[in-house]
Amino acid sequence: MTGLGQLPGDDELRLAERFRHGDETVLREVYDRYGGLVYRLGLSCLGAHHDAEDVAQSTFVAAWRGRQTYDSDRGSLAGWLLGIARRQVLDRVRTMDRERTVRAAVQQGGPLQAAVPGPERVVDRLVVVDELRRLSPEQRRVVELAFFDDLTHLQIASVTGLPLGTVKSHIRRGLERLRTRWEVDGAPRGTRSAGATRAG
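Cut-offs applied
- Residues numbered from 1 in each chain as written.
- Predicted model: local features only at pLDDT ≥ 70, side-chain atom pairs only at ≥ 80, totals over all residues.
- Heavy atoms only, no water.
- Salt bridge = Lys/Arg side-chain N within 4 Å of Asp/Glu carboxyl O.
- Helix = DSSP H or I, 4+ residues; strand = E, 2+ residues; numbered from the N terminus.
- Buried < 20%, exposed > 50% of the residue type's maximum accessible area, 1.4 Å probe, protein only.
- Expected span 1.5 Å × (residues − 1).
- pLDDT = per-residue confidence, 0-100.
- Contact = heavy atoms within 4.5 Å.
- Phe/Tyr/Trp six-rings, centres within 6.5 Å; stacked < 30°, edge-to-face > 60°.
- Lys NZ or Arg CZ within 6 Å of the ring centre and 35° of its normal.
- Core = buried A, V, L, I, M, F, W, Y, C linked by side-chain atoms within 4.5 Å.
- Axes fitted to C-alpha atoms, helices over the stretch in contact; angles between N-to-C directions.
- Parallel < 35°, antiparallel > 145°, perpendicular 65-115°, else oblique.
- Left-handed = near helix turned anticlockwise from the far one by under 90°.
- Nonpolar A, V, L, I, M, F, W, Y, C, P; charged D, E, K, R; others polar.

Notes on the pattern of salt bridges
Here is step 1 of the chain: Applying the stated criterion across every chain yields a total of 7 salt bridges.
Here is step 2 of the chain: Here Asp54 makes a salt bridge to Arg92, at a shortest N to O gap of 3.3 Å. Separated by 38 residues along the polypeptide, Asp54 in helix H3 (residues 49–65) and Arg92 in helix H4 (residues 77–106) bring together distant segments of the chain.
Here is step 3 of the chain: The class of Asp54 is partly exposed, set by a relative accessible area of 34%.
Here is step 4 of the chain: One network of salt bridges, with partners in common, ties together Arg18, Asp23 and Glu29.

See below:
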């Protein structure tokens with residue numbers, strides 16, 4: 001599969017071209033290939049399965065409606081879909097914030113537990129996803145396992161078959177890139193992967 005930050009290969013180009021030209025038979029194929037990626041982003045940002053499912057559904061609906069805007073010269077189909085998914089996540093957060101405000105007003109200011117992470121937490125996650133696109137496929141896989149799946153270094157080495165030293169190196173370099181991105185963009189601080197800091 002093509003790396004998220006790389007230009008698409010021949011196989012994805014053919015798939016994307018069929019998708020862009022409205023071949024409805026390819027919609028299921030595109031969803032089967034990238035639906036899990038979109039769902040995973042929604043779940044990591046929103047924390048609830050039904051919200052992640054809503055994001056995945058709305059992402060592919062929006063992608064289908066706007067399919068002619070995809071340009072393979074600018075990046076992979078996966079990266080384009082994640083861009084749409086990020087917008088869907090932020091829209092979902094805004095909607096849920098408004099709903100919580102209304103419920104709180106109806107309850108006359110009674111205590112209300114937050115159903116999803118705050119917007120600053122979501123922005124943290126989206127910065128991470130965007131920066132992951134810039135990593136090599138192997139390094140991105142390691143950082144994803146640490147950040148999203150909260151695996152330890154040893155667990156990641158077992159899953160990927162990579163030497164433990166390589167896993168630690170990939171995570172360290174990935175976190176250094178993220179730290180630089182936060183400092184440059186002024187993104188909220190505080191997001192941390194337990195897997196990225198746990199040795200065993």
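Don't stop here, the text continues.
Structural notes on H3
Here is step 1 of the chain: With 17 residues, H3 extends 24 Å from end C-alpha to end C-alpha; this agrees with the ideal 24 Å at 1.5 Å per step.
Here is step 2 of the chain: Taken together, the buried positions of H3 are Asp51, Ala52, Val55, Ala56, Thr59, Phe60, Ala63 and Trp64.

Let's talk about the confidence of the model for the chain
Atom-level detail of predicted coordinates should not be read off regions where pLDDT is low.
Here is step 1 of the chain: In the predicted model, the chain carries a mean pLDDT of 75, and the fraction of residues at 70 or more is 66%.
Here is step 2 of the chain: By mean pLDDT, helix H9 (residues 194–197) is the weakest element of the chain at 42, and H3 is the strongest at 92.
Here is step 3 of the chain: Confidence drops under a pLDDT of 50 for residues 1–7, and excluding neighbours within four residues, the segment shows 24 contacts in the predicted structure.

Some points on the packing of aromatic side chains
Here is step 1 of the chain: Taken as a whole and judged by the stated rule, the model has 4 aromatic pairs.
Here is step 2 of the chain: Look at Phe19 and Trp64: their rings are 5.4 Å apart centre to centre, the planes differ by 70°, and that puts the pair in the edge-to-face class. Here the residue Phe19 occupies a position in helix H1 (residues 10–20), and Trp64 occupies one in helix H3, the gap between them amounting to 45 residues. Per residue, the accessibility class of Phe19 equals that of Trp64, and both read buried.
Here is step 3 of the chain: Here the aromatic cluster, defined as three or more aromatic residues joined through ring pairs, consists of Phe19, Trp64, Tyr70 and Trp80.
Here is step 4 of the chain: It is Arg67 that lies over the ring of Trp64; its NZ or CZ is 4.1 Å from the centre.

With respect to the nonpolar core
Here is step 1 of the chain: The biggest cluster of nonpolar side chains holds 25 residues, and the ones touching the most others in it are Phe19, Val30, Tyr34, Leu77, Trp80 and Leu81.
Here is step 2 of the chain: A per-element tally of this core places H4 first, with 9 residues.
Here is step 3 of the chain: In contact with Phe19, other than residues within four places in its own chain, are Val26, Leu27, Val30, Ala63, Trp64, Arg67 and Trp80.
Here is step 4 of the chain: Core analysis: the second largest hydrophobic core is formed by 9 residues, Val142, Leu145, Leu151 and Ile171 among them.

Notes on the packing of H1 against helix H2 (residues 27–46)
Here is step 1 of the chain: Packing of H1 against H2 leaves a shortest axis separation of 9 Å and a crossing angle of 130°. Taken together, H1 and H2 sit at an angle that is classed as oblique. Between H1 and H2 lies a crossing whose hand is left-handed. Residues Asp11, Glu12, Leu15, Arg18 and Phe19 of H1 lie in contact with H2, whose contacting residues are Leu27, Glu29, Val30, Arg33 and Tyr34.
Here is step 2 of the chain: Class assignment for the residues of the contact of H1 with H2 results in 5 nonpolar, no polar and 5 charged.

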